[in-house]
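So the chains spell out like this:
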Amino acid sequence: MSTPNDAPPRIGVDEWVARSGERRDRGSGPSAAIVRALERVGWWQRLAVIAAIVALFPLLTSSDYAVRVGVNTLLLATLALGLNVVVGWTGLLDLGYVAFYGFGAYGFALLSSNQLGSSGIHLPSLLAIVIVVVAAALLGLLLGLPSRRLQGDYLAIVTLFFGQIFVETVTNVAPKVTGGPNGVVGIDPLNFFGLEVTTTRGYFYVLLIVTVVIMGALHLIDSSRTGRGWRAVREDPLAAALMTIPVNKVKLLAFSVGAAVAALAGTIFAAFQAGAYPTDFDTPFLILVYAGVILGGSGSIAGAVLGATVVSVTLELLRNPSQAATLFYGLILLTLVVRVRPWRKLGAVLAALVAFGFAVHAVIGAISASAVAGHPRSGGWVGDALGSWVVVPADPKGPGNIAFVVLILGLVALVQLKGTARTVLLVPLLYLAAFVWETRLVAEASITRQILLGAILIVMMNARPQGLLGSKRVEVL
Amino acid sequence: MTFFLQQVVDGLTTGSVYALIALGYSMVYGVLKLLNFAHGDIYMVGAFIGYFVLQAFGGATALVAPVAVVLIAMFAAAALGAGLLGVGIERFAYRPLRESPRIAPLITALGVSFFLENAVLLLFGSETRLYSTSSFIPFSTGVHVAGVNISLVRILVVVLAAVLMVGLRVLVERTRLGKAMRAVAFDREAAEMMGIQVDRTISATFFIGSALAGVAGVMAGLVFDQVFSLMGFIAGLKAFTAAVVGGIGNVPGAMLGGLLIGLAESFATGYISSTFQNLIVFGILIGVMLLRPNGLLGRATLQKV
C-alpha cells in the first residue's frame, strides 16, 4: 500500500483534483520555468512594465495607420475587459453587450455635437463621459433586472433582442435625433480642461491610460468580496445563495459594470472617429469582441487583453495579401509544430506535403494547361515560392468553392479519425487548404476575416475552452 | 374588411414559415437545452438548395419537368441537405461540449451561425437571387374572392406546413423515436440507463428539426422570391421569438407562436409601418419574456436540486 506522497494519485479522484494547483506550479519544461519567473514579479509591476512598453509603440513607428490599428486594438481590449466581467467571471451570456458600446457612442455624440437643439449641445468631454457612463450603468441595471426572473438562456435571449432593438431604434426611430442610417457626424474631439485631443497618437495614449486603469480596477475587484461573489455565482448560483451571497445583486452589478465599461469605450470611439454610425454596433462586432474574450481565455484579465490584441492585429494583417499569406502559412506551420509529435512524424508530414504538391501540380499540368495557368494570389516571396507547387486554375472561383466545401468536410473527418489514417489525411487536407487560400480566401479578404472569427469561436470552445491564458477548470463530481 | 382579410392571409403564410423554423428551435431546445443560433442559417441553406435545384431543372422560366415534380424535388433536396447539415453541426460542434458549462455550446452556436453565413457569402456572393415563382406558378391561379387574393403558392405553403406539423405531432406522440425524444428531453441520463440510444436520438432530432427549416427555406423562397446569405439571421430571430412566445421546448406552442408572430408582423406592416415591423416583433418578445417567461403554452418548471 503506497502513500499519496510516493505514488501519484489516479487521475480524476479527489486527491488528484485537490493537487491540481500544486501540479501546475511544479510543472516542468521551459514554459513552466518562464511562468514561474513571471509569477515572482508582482502583478502591478508586470502591468507597469507592459504598459510602458506599449506606450513606446507610437514613438517607434512613423505611420499613422499603425497607431490607428493600435487605437482600435486598445478599444477592443477595453471592450473585452468589460465583457469578461459579465461572461468570464459571472457566467452570464450577454448578447446585447455591443449595444452598450453603441449607447456610449451615441450618448457622447448627442451631448457633443450640433444634433440636439438649434445650436447643439457641447458639454465638456469629462462631464459628457461621466453622464453617459452613469446612464449606461443604469441601463445595464435595468436590462439586468430580468435576470432576477429569467435564468440562464433566457437572459441571453433578452440581451440578444436588446442588441437588435438598439440597432433598429437608432436606424429607424427618430432619424432627426440619431441621424438614421447616416448616423451622427461632426462630434467634438475629446477635450480635457481646454486640452483638445486631436491626433491619433493622443487617442492612443488616452485609451492606454483608460485600459490600464480598468485593468487595475478589475484586478482589485477580482480579489475582493464582489469578485469572489461573481465567480461563485458563475460556478453554482444555488450554492452561492446558500452561502448568503445576494445572487441577484451580484449579477446586476456585473451587468452594469460591463455596460459602463462598454459605454466608456463607446464615448472615446465616437470622439475618435468624430461620428457614430449604426452599422458599427451590429452583430458582427459582437462576434469580434466575443472572439477576443474566448481566444484569450474567459475569466482572465490578461487573457481578455491578449485575445483582443491577437484578434484585432490578425484581422488587420489579413487586409494585405502578402502579410496575410505569411500569417496563414506561418500559423499552419506553428500548429503542426505544436500538435504533431514526434519530430520524425512532423518531418515526414512536411516532406510528404511538399512532394504531394509538386506531384499534383505536375499531373494536373500534364492533363490541362489552363488548370495551372493562374498565379497564387498571395503576393510577396510566399506567392513566388508557391508558384509551381500549388495549383491555381485560370478561373479559380468554381474549383475554389468546391475545394472549400471539401476542405470543411475533410476537417470534420480529420477530427473523427485517429492514428495513421489521421496523419495520412492531413497531407492532402493541408494542400487543399493552401489551394482554397490561394484561389478564394485571399481574394475575399473581408469574408475571410468573418469566417475566421466564427471558426475561432467554434474551435476554441471545442479544443481549448480555457483560451490561451485561462486556467483549466477542474471539477469535482 | 378586404384589407384586413388580406393581412390575415399574408400573416398566416409568413406565420407558417416561422412556425416550421420555430419547431426546429423548440425540438433542439427540448432535447439538448441548447439555443441553436445556427438554426436560422440552416433555413437559409435550405432556401439556397431549393434555388439550385430549380436552376438544375432549367430555371424558373424554362422548366424541363412538370411543376409538381420540380417542387417535390426542391422540397426533398432542401430537407435532406439541411437535415444532414444539422446532423453534421451537432456531431462536430455541439456533441463534444455536451458536458461543458451551459455557456460553452451557446458561444459555439453563435460561431457556427456566423461561420455558415459567411461561408455561403464566400461561395455564392452577396447578390440576392430570385426564385421568380410567378413565372412557373402564375399569380392568377388560386382563390380570388371579394378582393382578397390567395395565390396558389400561399395555399400550398400553408397546407404543406399544416401537414408537416401534424406529421411531427404524430411522430413525437406515437412512434418509438418520438418516445425516445421525449425521454431524452425529460432526463438524458435516465433515458440512457433505460437503453435509449441518446446520441442517435439527438442526431435524429437535429435531422428532423433542420429538415423542417430547410423546407421552410424553400417556402420562403417561393413566397418572398428572394434568397440571400443573411436572410437566416432576421428570420431566425423571428422564428426564435415564435418558439419563445409559444413556450420553448413545446411543439404546439411553436406552431401557435409562429402564426401569432406572422400575424403580428403582417398587421404591423399593414396598419403601422414596415419600418417598425422588426421593432414590434422584438418588443412582443421582450414583453412575453418579462410577463410570462415560460411562453403562452409552456408550464413553469421547478428546478430540482
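Residues numbered from 1 in each chain as written. Chains lettered and ligands numbered in written order. Predicted model: local features only at pLDDT ≥ 70, side-chain atom pairs only at ≥ 80, totals over all residues. Heavy atoms only, no water.

Quick word on the overall build of chain B
Right, so step 1: Check the secondary structure of chain B and you find 11 helices and 4 strands.
Right, so step 2: By the compact-globule yardstick of 19 Å for 305 residues, chain B fits well, its C-alpha radius of gyration being 19 Å.
Right, so step 3: The buried share of chain B, taken over its 305 residues, is 55%.
Right, so step 4: In the structure as shown, chain B presents an accessible area of about 12600 Å², 67% of it carried by carbon and sulfur atoms.
Right, so step 5: Distance between charge centroids for chain B: 9 Å, based on 18 positive and 13 negative side chains. (Helix = DSSP H or I, 4+ residues; strand = E, 2+ residues; numbered from the N terminus. Rg over C-alpha atoms; globule rule 2.2 N^0.38 Å. Buried < 20%, exposed > 50% of the residue type's maximum accessible area, 1.4 Å probe, protein only. Areas by Shrake-Rupley, 256 points an atom, 1.4 Å probe, with all protein chains shown as cover. Lys, Arg positive; Asp, Glu negative; His and termini not counted. Charge placed at Lys NZ, Arg CZ, Asp CG, Glu CD.)

Some details on the interface of chain B and chain A
A common way to state how big an interface is: give the accessible area lost once the parts meet.
Right, so step 1: Each side of the interface is counted separately: chain B has 46 residues, and chain A has 49 residues.
Right, so step 2: A buried area of about 4400 Å², summed over both sides, lies between chain B and chain A, and 79% of it is on carbon and sulfur atoms.
Right, so step 3: The interface formed by chain B and chain A contains 0 salt bridges.
Right, so step 4: Counting across the chain B and chain A interface gives 5 residue pairs in polar contact (both at pLDDT 80 or more). (Contact = heavy atoms within 4.5 Å. Buried area = accessible area lost by both parts, 1.4 Å probe. Salt bridge = Lys/Arg side-chain N within 4 Å of Asp/Glu carboxyl O. Polar contact = N/O pair within 3.5 Å; in protein donor to acceptor, adjacent residues only side chain to side chain.)

With respect to the packing of aromatic side chains
Right, so step 1: Inspection of the entire model under this criterion finds 29 aromatic pairs over all chains.
Right, so step 2: A centroid spacing of 5.3 Å and a plane angle of 80° characterise the contact between B:Tyr51 and B:Phe52, whose relative ring orientation is edge-to-face.
Right, so step 3: Since its relative accessible area comes to 12%, B:Tyr51 is described here as buried.
Right, so step 4: On the basis of relative accessibility, which here comes to 32%, the residue B:Phe52 falls in the partly exposed class.
Right, so step 5: Three or more aromatic residues link up through ring pairs in this structure, and these residues are A:Tyr101, A:Tyr106, A:Phe166, A:Phe269, A:Phe281 and A:Phe285. (Phe/Tyr/Trp six-rings, centres within 6.5 Å; stacked < 30°, edge-to-face > 60°.)

A word on the domain arrangement of chain A
All names here are of chain A.
Right, so step 1: Here chain A is partitioned into domain 1 (61-317) and domain 2 (323-463).
Right, so step 2: For domain 1 versus domain 2, the separation of C-alpha centres amounts to 37 Å.
Right, so step 3: Contacts between domain 1 and domain 2 engage 12 residues on the former and 11 residues on the latter.
Right, so step 4: Both faces considered, domain 1 and domain 2 share a buried interface measuring about 1100 Å² in area, 81% of it formed by carbon and sulfur atoms. (Domains from an automatic or database assignment.)

Here's the deal with the confidence of the model for chain B
Right, so step 1: For chain B, per-residue confidence averages 88 on the pLDDT scale, and 98% of positions sit at 70 or higher.
Right, so step 2: Here strand 2 (residues 142-145) of chain B is the element of chain B with the lowest mean pLDDT, 76, and helix 2 (residues 39-56) of chain B is the one with the highest, 95. (pLDDT = per-residue confidence, 0-100.)

Examining helix 11 (residues 225-235) of chain A
Right, so step 1: Turning to helix 11 of chain A, its buried residues are A:Gly227, A:Gly229, A:Trp230 and A:Val233. For helix 11 of chain A, the arc enclosing every buried residue in end-on projection is 160°, short of the 170-degree limit, so these residues lie on one face. (Arc of directions from axis to C-beta.)

Here we look at a nonpolar patch on the surface
Right, so step 1: Taken together, the side chains of A:Leu331, A:Leu333, A:Leu334, A:Val337, A:Val338 and A:Trp343 present a nonpolar region at the surface, about 620 Å² in accessible area.
Right, so step 2: Broken down by element, the residue count for the nonpolar patch peaks at 5 residues, all from helix 16 (residues 321-339) of chain A. (Patch = residues over 30% accessible without salt bridge, like charges linked within 9 Å, V, L, I, M, F, W, Y side chains within 5 Å.)

Thoughts on the pattern of salt bridges
Right, so step 1: Scanning the model with the defined rule gives 13 salt bridges over all chains in all.
Right, so step 2: Put simply, A:Glu316 and A:Arg319 hold a salt bridge, and the shortest N to O gap is 2.8 Å.
Right, so step 3: When the shortest N-O distance is used, the salt bridge between B:Arg188 and B:Glu99 registers 3.7 Å. Here B:Arg188, found in helix 7 (residues 188-193), pairs with B:Glu99, found in the loop between helix 3 (67-94) and helix 4 (103-124); they are 89 residues apart in sequence, far enough to count as distant.
Right, so step 4: Linked by salt bridges that have partners in common, B:Glu90, B:Arg95, B:Arg98 and B:Asp199 make up one network.

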